[in-house]
Number of protein chains: 2
Amino acid sequence: MAFEYLTNLPLDRARRDYIELLINNGMGPRAETVPVSQAAGRMTAEAVYASICSPHYAASAMDGIALLAKDSFGATESTPVTLRPGKFTVVDTGDPLPDGCDAVIMIEDIVENSDGSVTIHSAAAPWQHIRQIGEDICAGEMIIGSFMELTPAAIGAMIAGGVGEVKVIKRPRVGIIPTGDEIIPPCANPEPGQILEFNSAIFSSMLKSWGAEPVTYPIVPDKYDMILHALEMALSQCDMVLLNAGSSAGRDDCSAKAIAEAGQVLYHGIAIKPGKPAILGCKDDKPILGVPGYPVSGIIVIEELLKPIIEHCTGKAAAREDRAEAVLTRPVVSGLKYQEFVRVRLGFVGDKLIASPLNRGSGVVSSFMKADGILEIPQGQEGYEAGQRVSVRLLTEKSRPSNTLVVIGSHDPLLDELADMMHRDDRKIYMSSSHVGSMGGIMALKRGEAHAAGCHLLDPETGIYNLSFIKRYFPNGGIRLIRCVGRQQGLMVQKGNPLGLNGFEDVANDGVRYVNRQKGSGTRILADYLCSKANIDKASIYGYDREELTHTSVAIQIAAGSADAGMGIYSAARLYDLDFLPVCIEEYDLLIPDFAYDTPMVRRMLDTLKSPEFHARLSAMGGYTLEGIGEEISL
Amino acid sequence: MAFEYLTNLPLDRARRDYIELLINNGMGPRAETVPVSQAAGRMTAEAVYASICSPHYAASAMDGIALLAKDSFGATESTPVTLRPGKFTVVDTGDPLPDGCDAVIMIEDIVENSDGSVTIHSAAAPWQHIRQIGEDICAGEMIIGSFMELTPAAIGAMIAGGVGEVKVIKRPRVGIIPTGDEIIPPCANPEPGQILEFNSAIFSSMLKSWGAEPVTYPIVPDKYDMILHALEMALSQCDMVLLNAGSSAGRDDCSAKAIAEAGQVLYHGIAIKPGKPAILGCKDDKPILGVPGYPVSGIIVIEELLKPIIEHCTGKAAAREDRAEAVLTRPVVSGLKYQEFVRVRLGFVGDKLIASPLNRGSGVVSSFMKADGILEIPQGQEGYEAGQRVSVRLLTEKSRPSNTLVVIGSHDPLLDELADMMHRDDRKIYMSSSHVGSMGGIMALKRGEAHAAGCHLLDPETGIYNLSFIKRYFPNGGIRLIRCVGRQQGLMVQKGNPLGLNGFEDVANDGVRYVNRQKGSGTRILADYLCSKANIDKASIYGYDREELTHTSVAIQIAAGSADAGMGIYSAARLYDLDFLPVCIEEYDLLIPDFAYDTPMVRRMLDTLKSPEFHARLSAMGGYTLEGIGEEISL
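Fair warning: this is a prediction, and the values are worked out from it, not measured in the lab. (Residues numbered from 1 in each chain as written. Chains lettered and ligands numbered in written order. Predicted model: local features only at pLDDT ≥ 70, side-chain atom pairs only at ≥ 80, totals over all residues. Heavy atoms only, no water.)

**A few points about the overall build of chain A**
Now for step 1: Of regular secondary structure, chain A possesses 16 helices and 40 strands.
Now for step 2: The C-alpha extent of chain A, read off along each of the three principal axes, is 120 × 70 × 45 Å.
Now for step 3: Across the 635 residues that make up chain A, the buried fraction comes to 58%.
Now for step 4: Pairs at least 24 residues apart make up 76% of the contacts formed inside chain A by residues separated by at least 6 positions.
Now for step 5: Across chain A, the mean location of the 59 positive side-chain charges is 5 Å away from that of the 79 negative side-chain charges. (Helix = DSSP H or I, 4+ residues; strand = E, 2+ residues; numbered from the N terminus. Buried < 20%, exposed > 50% of the residue type's maximum accessible area, 1.4 Å probe, protein only. Contact = heavy atoms within 4.5 Å. Lys, Arg positive; Asp, Glu negative; His and termini not counted. Charge placed at Lys NZ, Arg CZ, Asp CG, Glu CD.)

Quick look at the structure:
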């Protein structure tokens, strides 16, 4: 039996059919009995009735004396009644009502006589100042209905009602089977070709947060028999199974074959991106989901297909989706064939909610971590244009975009340190920084999409940074330039400089593999300038078109030996222990539009820039000069 | 050293001083190191940096061949290039890039020759179709900053970045010490005078939900030395301690003395109700909170005083409080001396959000379970009038009041069964039922405060139920009457009828202790009618002024032996195994205003009324006739 991508079913249809099949096969909420003390946060499977009353005995509600009310009848200010010892009992609040008594008189309202008797000056009404049996809860009464969440107070009420155990909805047990010859358990020193198994950790935490109980099985090699065996074992122990395929071609064929053998395959292939190789299978009432190996694909498949199943089985109504209208910063192109899920970062800039699409690679787990929302592009639609208003499903709390400082432009690790300190000092503030190069930052500011932009643009005519670009792109002002740091730029080469390069002028030498930054970045503009100054034909530099987006990633390629040289800042070279041939000190400054300048977030950023702790962090990274940091440069 | 309620400090002031003192003593977030796999949902204590790149090796991003790009230079459609075996390697997606290669050509773009060589028709650009080292995460880069919550994706990113352990904010360990001679562990058969210890279970679940780690100690008797010893032990093992005093007088004096001995007492007595005997103490940086014994007092004290401390120590910003404007159904009177916290139920009726105050007794834990919100009455204010608009702090999700069917009026246990079935069948729907008697229900409907009211009002002139009352109170219509059940009403007496009562006419006999329902209830009106019919002077009935709010609680008093007789319905008598002298079958119907009649919630209620399962539940309870149930009665 050979499987391919047999189907390309629309998600809605596939999900509906799948859940319908499972429910027809008997899938649904299951109950289990747990001690009340461990039931907080769980959901009742059936109504809970009190077995005893609370309070379960009549008690004094005051400090005073208990008596038979009749014995006090007729007592007034002018005709007091005196009770002999034996006709009353001294009681404290909470004491059980003594036999034969049906009223309590407060201690303040009695006169104690020396012979042990008491005198009262007004009659007691039967049952006054008595806490009646069942005042709180009556035996036999329903304490809480079915499918209700057990709050702390409900736990208390059940114990008070004499309930020791409670039937709650069982947490569905979900087996996760990681597969793949190349997959190894998490460690700090994997060999080339080995892939750390982190999907189970991601999936487990997602499942837990939805009220399921994940069970992660050991990694299974890409062998059909072993996968089938693992699947059958998981099916015998769990209510649902996730079979996480390796990421290379042919892997999910093996999964599909094993699922078909152990149970049945309903669909193989869903019209979503990422996530299209998903396999929707089951054995009787137990879902078996074949999940693609790339983490982002897996997250989408589990969110879209397993979450509604878990919601069905936990009895929890799906939480209302929070959505927001946002303006897209960049075009997003989508194939017509798939419904596409694009992760975006969000931030309020001025009065607009801005959505910036993140890296769409399905292996890029960090982009999921940074995402504030998901933009869905329906199947059959080509995508959205920059500036278009789109509806975004929110992944973070609704208030977060309003408290997010949006920094778009040139990359420097100092931005991460800045974000860390700002958030630590004011937990409500977040920073979202996108690395699109200095020119990208200027363009974002012009479109009103950022609160700040890192910028280091050299004007080759004057040798002065940034000013001439600001004059050209912001002829009508509206922008301020804040001095940030002087950065040591230079040529990064492998440790020990094995090719013996003397400087940038040697990068076109035969046998030198260069790695570049992307067009529009200040460092690329600097490299172009250095080429023209040294009269080097860019086409003669091997790898000049090989583009990385950050200083750090240029440094890595050199450290890993896949390139010999690239321009970057000293701190990146130092991080990877590379040799560094200094070229110049450039001015890395921050552009801030007038409308953002007086906001609390920007104020906090400027204060942090000037703080001694920040300066100490920069010193530790190396290669920065701090003169005038945080000061406004007059334009 | 003798303590009394030494202080009556405003809450805001007390809280501010207390937290300030604790912070000055060194209290604050603490860090602990945990394995990344167990860190989901925790908060980082410091920024986390990647120790390896992800991917950590250059890999093929396609199925195809890896080669040195240079070897393909010059290849075009008209000038193809053929590579001998050895000059290329076949690779699958994800395979590490072989040494000496710097490009991948897709399998679709090559021609395989019979001699093992391949022919290509266009040149490869260096680094094409290669997933670069660090594409996702670069070693040394900040993965996540400090005081950020670890989402599932963040867990994945940390594992991918080679991070095995992470410093997170420690969950503060909170010791809970229950005290009191009368307190016993939860059980189903306590003796009179024994109080079940359910406070720890309530407090523990609250603390857990705020991110703390509760530790419950064994119950300590009311002995100063033992309390002091338990306190000192808890202080040596925990970051914070709750000392839960018994509820009777003098108990918190003992607590205060022990806290002063083990550490110090800042304030004893806060101007809040419930909760005024709270003790704010500490030992160095460890808070010691003396919590009153009544559960509701304890909940308020812990919410108002411990929660902000835990928020400080967990680094979690306090969640924004959800509030709503609501119209009060009943006046709420408050003493000027205290800031008062009143629990309310909420429901949208028509276009008004209605807030009904719940039982304010501080021992009534079930009222906390039923509460949707808390109304605060500031110190120095006398309270609010019925109909006044007030601001309520929400305890349940914001959408819940819109989905709550508000039923106010006569009590019958069938309402709980109805609520249970409705919510089970549609999880979004809730019912809030208040037992204020038939007349109370009519008044609530007239004020527009309910969707439905249970009603069984006998017109003594005609012997007909409900109709004449509807004509009198709703002369302009706007209301419908839905037939519900016939209910067997009768005199409930102790098992075996030891006093040998023949019927209601005997309740004024000497030695008979009666227990009544509250004025305005249909059963009270029936009892009044029976008195006048039998020519009984109500004042001659012992206990006629003793009022209970439900059939069930009347039955309990008889079952417990504190009363001999009371009017009520058969199902209540049966629940407590009482003897029952039938008096009449009354019509218990539902009044529904026109505006509510066509809403989905009321439709669902009517459908449920007519369902066989509901009829089966009523049969099991006994004493009901079901003819015409759910039909509209023409007015």
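**Observations concerning the packing of helix H3 (residues 199-209) of chain A against helix H2 (residues 152-160) of chain B**
Now for step 1: Running from N to C, H3 of chain A and H2 of chain B point in directions that differ by 160°, and their axes come no closer than 8 Å. In terms of orientation, H3 of chain A lies roughly antiparallel with respect to H2 of chain B. Crossing geometry of H3 of chain A relative to H2 of chain B is assigned as right-handed. Where H3 of chain A abuts H2 of chain B, its residues Ala201, Ile202, Ser205 and Met206 of chain A lie against Pro152, Ala153, Ile155, Gly156 and Ile159 of chain B. (Axes fitted to C-alpha atoms, helices over the stretch in contact; angles between N-to-C directions. Parallel < 35°, antiparallel > 145°, perpendicular 65-115°, else oblique. Left-handed = near helix turned anticlockwise from the far one by under 90°.)

**Quick notes on the sheet that holds strand E6 (residues 88-91) of chain A**
Residues and elements named next belong to chain A.
Now for step 1: An order of E6-E4-E7 is seen for the three strands of this open sheet, with the pairing classed as antiparallel. Bordering the open sheet on either side are E6 and strand E7 (103-106), each of which pairs with just one other strand. Pairs of neighbouring strands in the sheet enclose a mean axial angle of 30°, with direction left out of account.
Now for step 2: Taken together, the four bridges between strand E4 (residues 64-67) and E6 define a ladder with antiparallel strand orientation. Each residue of the ladder has a partner; that of Ile65, found in E6, is Val90. (Pairing = 2+ DSSP bridges.)

**Description of the pattern of salt bridges**
Now for step 1: Inspection of every chain in the model, using the stated rule, returns 73 salt bridges over all chains.
Now for step 2: In this structure, the salt-bridge partner of Lys519 of chain B is Glu547 of chain B, at a minimum N-O distance of 2.8 Å. One end of the pair, Lys519 of chain B, is in the loop between strand E35 (516-517) and helix H11 (522-533); the other, Glu547 of chain B, is in strand E36 (residues 547-548), and 28 residues separate them in sequence.
Now for step 3: You can call Glu547 of chain B partly exposed: its relative accessible area is 33%.
Now for step 4: One connected set of salt bridges, linked through shared partners, spans Asp12, Arg15, Glu303, Glu304, Glu321, Arg323, Glu376 and Arg393 of chain A. (Salt bridge = Lys/Arg side-chain N within 4 Å of Asp/Glu carboxyl O.)

**Re the sheet that holds strand E17 (residues 240-244) of chain B**
Residues and elements named next belong to chain B.
Now for step 1: A sheet is described by the order of its strands in space; here six strands give the open sequence E16-E13-E17-E21-E20-E18, paired in mixed fashion. Of all strands in the sheet, those bounded by a partner on one side alone are strand E16 (213-216) and strand E18 (264-268). The mean inter-strand angle of the sheet, taken between neighbouring strand axes irrespective of direction, is 20°.
Now for step 2: Inspection of the sheet shows E17 paired to strand E21 (residues 286-291) by four bridges, in the parallel sense. In the strand pairing of E21, Asn244 is matched with Val291.
Now for step 3: Against the sheet, helix H1 (residues 11-24) makes contact with E18, strand E20 (279-283) and E21, and its axis sits at roughly 165° relative to E18, the strand it touches most.
Now for step 4: Here helix H4 (residues 224-237) sits on the sheet and contacts strand E13 (173-178), E17, E20 and E21; the angle it forms with E17, its principal contact strand, is near 155°.

**Things to note about the relation of the copies chain A and chain B**
Now for step 1: Each copy of the sequence occupies a distinct position, and chain A is placed on chain B by a rotation of 180° and an axial shift of 0.0 Å, giving an RMSD of 0.1 Å. Both chain copies can therefore be described as sitting about a two-fold axis. Within chain A, Ser209 of chain A has its C-alpha nearest the rotation axis, a separation of 6.6 Å.
Now for step 2: Counting the interface residues of chain A, we find that 100% of their copies in chain B are interface residues as well, pointing to one common contact surface. (Least-squares fit on C-alpha atoms with pLDDT ≥ 70 in both.)

**Remarks on the environment of Leu289 of chain B**
Now for step 1: Mapped onto the fold, Leu289 of chain B is located in strand E21.
Now for step 2: Between the C-alpha atom of Leu289 of chain B and that of Ala256 of chain B, which follows or precedes it by 33 residues, the distance is 9.6 Å.

**Digging into the environment of Ile259 of chain B**
Now for step 1: Tracing the backbone through its elements, the reader meets Ile259 of chain B in helix H5 (residues 251-262).
Now for step 2: Excluding residues within four positions of it along the chain, Ile259 of chain B makes contact with Leu231, Leu243, Gln264, Val265, Ile279, Gly281, Ile288 and Gly290 of chain B.

**Details of the packing of aromatic side chains**
All names here are of chain A.
Now for step 1: Tallied over the entire structure, the rule returns six aromatic pairs over all chains.
Now for step 2: Aromatic side chains Phe504 and Tyr514 sit 6.1 Å apart centroid to centroid with 90° between the ring planes, which places their arrangement in the edge-to-face category. Taken together, the residues span a long stretch of sequence, with Phe504 in the loop between strand E34 (479-493) and strand E35 (516-517) and Tyr514 in the loop between E34 and E35 at a distance of 10 residues.
Now for step 3: Residue class for Phe504 comes out buried when judged on its relative accessible area of 5%. (Phe/Tyr/Trp six-rings, centres within 6.5 Å; stacked < 30°, edge-to-face > 60°.)

**So, the environment of Ser634 of chain B**
Now for step 1: Mapped onto the elements, Ser634 of chain B comes out in the segment after strand E40 (632-633).
Now for step 2: For Ser634 of chain B and Ala61 of chain B, which are 573 residues apart along the polypeptide, the C-alpha to C-alpha distance reads 76 Å.

**Here's the deal with the interface of chain A and chain B**
Now for step 1: Listed as interface residues are 89 residues of chain A and, on the opposing side, 89 residues of chain B.
Now for step 2: Both faces considered, chain A and chain B share a buried interface measuring about 7400 Å² in area, 65% of it formed by carbon and sulfur atoms.
Now for step 3: Per-residue buried area on chain A facing chain B is highest for Met369, Arg427 and Tyr542 of chain A; these three make up 9% of the total on that side.
Now for step 4: Between chain A and chain B we count 22 residue pairs in polar contact (both at pLDDT 80 or more) in total.
Now for step 5: Looking at the side of chain A that touches chain B, the elements that each hand over two or more residues are strand E11 (142-144), helix H2 (152-160), strand E15 (195-196), H3, helix H7 (365-370), helix H8 (414-425) and helix H12 (551-559) of chain A.
Now for step 6: Considering every element that reaches the side of chain A that touches chain B, the biggest residue donor is H2 of chain A, with eight residues.
Now for step 7: Residues belonging to the side of chain A that touches chain B are distributed by class as follows: 51 nonpolar, 22 polar and 16 charged. (Buried area = accessible area lost by both parts, 1.4 Å probe. Polar contact = N/O pair within 3.5 Å; in protein donor to acceptor, adjacent residues only side chain to side chain. Nonpolar A, V, L, I, M, F, W, Y, C, P; charged D, E, K, R; others polar.)

**Points about helix H3 (residues 199-209) of chain B**
Residue and element names in this part refer to chain B.
Now for step 1: With nine of 11 residues buried, H3 is to be regarded as a mostly interior element.
Now for step 2: Taken together, the buried positions of H3 are Asn199, Ser200, Ala201, Ile202, Phe203, Ser204, Ser205, Met206 and Leu207.
Now for step 3: Of the residues one or two after H3, Gly211 is the one with positive phi, at around 95°.

**Some points on the packing of H8 of chain A against helix H15 (residues 600-609) of chain A**
All names here are of chain A.
Now for step 1: Orientation of H8 relative to H15, taken along the N-to-C sense of each, is 115°, at an axis distance of 10 Å. Between H8 and H15, the interaxial angle falls into the category roughly perpendicular. Judged by the sense of rotation from one axis to the other, the crossing of H8 with H15 is right-handed. Residue-level inspection shows Leu418, Met421, Met422 and Asp425 of H8 in contact with H15, the latter providing Met601, Arg604, Met605, Thr608 and Leu609.
Now for step 2: Residue composition of the contact of H8 with H15, grouped by class: six nonpolar, one polar and two charged.

**Some details on the confidence of the model for chain A**
Now for step 1: For chain A, per-residue confidence averages 93 on the pLDDT scale, and 98% of positions sit at 70 or higher.
Now for step 2: Scored as a whole, the predicted complex attains pTM 0.88, and scored at its interfaces, ipTM 0.89. (pLDDT = per-residue confidence, 0-100.)

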